[in-house]
Amino acid sequence: LIQDYRKIEIILIDDGSIDNSGEICDEYADMDKRIRVVHIQNSGPGAARNIGINNSKGEFIFFIDADDFIERDALKFLIESYNQSKADIIIGNFRKMKKGIEENRSDVFFSDNQLLTKQDIIDFVRDYLKKPTGYSFLVYIWGKLFKSSIIKKNNIHFDTNLRVFEDILFNFKYLKFVSSAYYVKNKIYTYMTF
């Protein structure tokens, strides 16, 4: 809600919560016209994200998990990076936090902003398939700016049968249709581990 970039729609999916999360979502929607809430029976992360995709109207799609957070300028920075690069996906760097302490990461691949060509993407996917424990910038769904037109034109959705690693499959489906990617070194996303 406090993003520097204001022209956003926020779609909250209440995936069958059994506490008062659904009511809290509705209260926020009443306070801010940019927020829409969809209440569904618990169906898992893939189904919830698919509903978000189907209900989205914007030019870009950005996923954020309920227990994570983004920097105040995250969306503005990603949009500016898109305007500069015109890449089909903008990949933001991230930090991992555990109990309020930032963890050291050994999976940082680029020390600066990096434009990746189609061949670069193919090479990284091949390397990931050889060593699936690395290449985190390919794995997670969050922290990335996706073009809605690519997702919707190619009917890219999450596999609702998967409860884990659904991110990877979605990303690989999406990457089939991109000609370039742009990695930004700024840590715009904070992933909370427990």
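Structure shown above.
Keep in mind that this is a model prediction, so the values were computed, not measured.

Criteria and cut-off values
Residues numbered from 1 in each chain as written. Predicted model: local features only at pLDDT ≥ 70, side-chain atom pairs only at ≥ 80, totals over all residues. Heavy atoms only, no water. Helix = DSSP H or I, 4+ residues; strand = E, 2+ residues; numbered from the N terminus. Rg over C-alpha atoms; globule rule 2.2 N^0.38 Å. Buried < 20%, exposed > 50% of the residue type's maximum accessible area, 1.4 Å probe, protein only. Contact = heavy atoms within 4.5 Å. Areas by Shrake-Rupley, 256 points an atom, 1.4 Å probe, with all protein chains shown as cover. Lys, Arg positive; Asp, Glu negative; His and termini not counted. Charge placed at Lys NZ, Arg CZ, Asp CG, Glu CD. Polar contact = N/O pair within 3.5 Å; in protein donor to acceptor, adjacent residues only side chain to side chain. Phe/Tyr/Trp six-rings, centres within 6.5 Å; stacked < 30°, edge-to-face > 60°. Lys NZ or Arg CZ within 6 Å of the ring centre and 35° of its normal. Expected span 1.5 Å × (residues − 1). Arc of directions from axis to C-beta. Axes fitted to C-alpha atoms, helices over the stretch in contact; angles between N-to-C directions. Parallel < 35°, antiparallel > 145°, perpendicular 65-115°, else oblique. Left-handed = near helix turned anticlockwise from the far one by under 90°. Pairing = 2+ DSSP bridges.

Chemist: Lay out the overall build of the protein with the relevant residues and their values.
Modeler: Looking only at helices and strands, the protein features seven helices and nine strands. Its C-alpha atoms give the protein a radius of gyration of 17 Å, within 12% of the compact-globule value 16 Å for 194 residues. Along the first, second and third principal axes, the C-alpha set of the protein runs to 45 × 35 × 35 Å. Taken over 194 residues, the protein has a buried fraction of 47%. Within the protein, contacts between residues separated by at least 24 positions form 79% of all contacts whose residues are at least 6 apart in sequence. Accessible surface for the protein amounts to roughly 11000 Å². Of this, 52% is attributable to carbon and sulfur atoms. Of the charged side chains in the protein, 28 are positive and 28 negative, and the gap between their average positions amounts to 6 Å.

Chemist: Explain the side chain of aspartate 167 to me, and be specific about the residues and the numbers.
Modeler: Positionally, aspartate 167 belongs in helix H7 (residues 166-175). Given the relative accessible area of 10%, aspartate 167 is considered buried. At 3.4 Å, the side chain of aspartate 167 and the side chain of arginine 49 are in polar contact. Apart from the residues lying within four places of it in its own chain, the contact partners of aspartate 167 are Arg49, Val139, Tyr140, Ile141 and Phe158.

Chemist: Pulling in residues and values, what's your account of the packing of aromatic side chains?
Modeler: Applying the stated criterion across every chain yields a total of 17 aromatic pairs. Ring centres of phenylalanine 94 and tyrosine 140 lie 5.7 Å apart, and the angle between their planes is 80 degrees; on these two criteria the pair is classed as edge-to-face. Of this pair, phenylalanine 94 sits in strand S5 (residues 89-98) while tyrosine 140 sits in the loop between helix H5 (136-139) and strand S8 (144-147), and the two are 46 residues apart along the sequence. Judged by centre distance (4.9 Å) and plane angle (85 degrees), the rings of phenylalanine 94 and tryptophan 142 are edge-to-face. Of this pair, phenylalanine 94 sits in strand S5 while tryptophan 142 sits in the loop between H5 and S8, and the two are 48 residues apart along the sequence. Following the ring pairs from residue to residue traces out a cluster consisting of Phe62, Phe94, Tyr140, Trp142, Tyr189 and Tyr191. Over the aromatic face of phenylalanine 158 sits the side chain of arginine 49, whose NZ or CZ is 5.5 Å from the ring centroid.

Chemist: Residues and numbers for helix H4 (residues 118-130), please.
Modeler: In an α-helix there are 3.6 residues to a turn, and that puts residues three or four apart on one side. Helix length check: H4 (13 residues) gives 19 Å between terminal C-alpha atoms against 18 Å at 1.5 Å per residue, within 8%. Of the residues making up H4, those classed as buried are Ile121, Phe124, Val125 and Tyr128. Mapping the buried residues of H4 onto a view down its axis gives an arc of 100 degrees, with all of them on the same face. Exposed residues lying more than 90 degrees from the buried face of H4 are Arg126 and Lys130.

Chemist: Now, about the packing of H4 against H7: what can you tell me, with residues and values included?
Modeler: In the contact formed by H4 and H7, the axes pass within 11 Å of each other and the chain directions differ by 150 degrees. Of the possible angle classes, the one that applies to H4 and H7 is roughly antiparallel. Crossing of H4 over H7 shows left-handed handedness. Contacts between H4 and H7 pair Lys118, Ile121, Val125, Tyr128 and Leu129 from the former with Ile168, Phe172 and Leu175 from the latter.

Chemist: Tell me about the pairing of S5, and name the residues and values.
Modeler: Among the 10 residues in S5, nine count as buried, and that is most of the element. In the sheet, S5 pairs with strand S9 (residues 180-193) via 10 bridges, with the strands oriented parallel. Among the inter-strand pairings, isoleucine 90 is bridged to a residue of S9, identified as tyrosine 182. As paired strands, S5 and strand S6 (residues 101-102) are joined by two bridges and run antiparallel to one another. Along S6, the bridge assignment pairs lysine 98 with isoleucine 101.

Chemist: Run through unusual backbone geometry, naming residues and quoting values.
Modeler: Despite not being glycine, lysine 86 has its phi angle at roughly 60 degrees, a positive value. Counting through the fold element by element, lysine 86 comes out in the loop between helix H3 (74-85) and S5. Assessed through its relative accessible area of 49%, lysine 86 is described here as partly exposed. Its identity is not glycine, yet lysine 99 carries a phi of approximately 55 degrees, on the positive side. Along the polypeptide, lysine 99 turns up in the loop between S5 and S6.

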